[in-house]
Amino acid sequence: QVQLVESGGGSVQSGGSLRLSCAASGSDLNIYCMGWFRQTPGKEREGVASIDSGGSTTYSDSVKGRFTISRDNAKNTVYLQMNSLTPDDTGTYYCVAWLARYGCDSYRGAGFGDWGQGTQVTVSS
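Residues numbered from 1 in each chain as written. Predicted model: local features only at pLDDT ≥ 70, side-chain atom pairs only at ≥ 80, totals over all residues. Heavy atoms only, no water.

(A) Spotlight on the side chain of Asp114. Looking at the element boundaries, Asp114 is found in strand E10 (residues 114–115). Side-chain polar atoms of Asp114 contact the backbone nitrogen of Val2, separated by 2.8 Å. Once you skip the residues sitting within four places of it in the chain, Asp114 turns out to touch Gln1, Val2, Leu4, Cys95, Val96 and Ala97. (Helix = DSSP H or I, 4+ residues; strand = E, 2+ residues; numbered from the N terminus. Polar contact = N/O pair within 3.5 Å; in protein donor to acceptor, adjacent residues only side chain to side chain. Contact = heavy atoms within 4.5 Å.)

(B) Spotlight on the packing of aromatic side chains. For the coordinates displayed, the defined rule picks out 5 aromatic pairs. With a centroid separation of 5.4 Å and 10° between ring planes, the pair formed by Tyr102 and Phe112 is classed as stacked. Of the two residues, Tyr102 sits in the loop between strand E9 (91–99) and E10 while Phe112 sits in the loop between E9 and E10, which places them 10 residues apart along the sequence. On the accessibility criterion, Phe112 (63% relative accessible area) is exposed. (Phe/Tyr/Trp six-rings, centres within 6.5 Å; stacked < 30°, edge-to-face > 60°. Buried < 20%, exposed > 50% of the residue type's maximum accessible area, 1.4 Å probe, protein only.)

Here it is, written out as structure tokens:
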């Protein structure tokens, strides 16, 4: 089991940037995929980005080219750099860890993983 704590959310204007951080503890992250999901009331939960232990990344079409996920295994931390933010990016962002055996290039394992408490991102027009 992995314990996850997100930070870095806030309010920005369209075109602005934020960097989210996720501090992980409790398990060896080498066997986990790490990812970010976001959720807005009334909308389906969306997988935003994922990264495997070797640094290979996957992005949703909606954020590709604007967001960058990275991980620092030595610090047990995963990051999400968000640039060129738009109001459509508004939501609660969750850090998620799931076993790599589910695959890291899809989000199918996230439903069986460990979730952080979330951090709010609000982008105004």
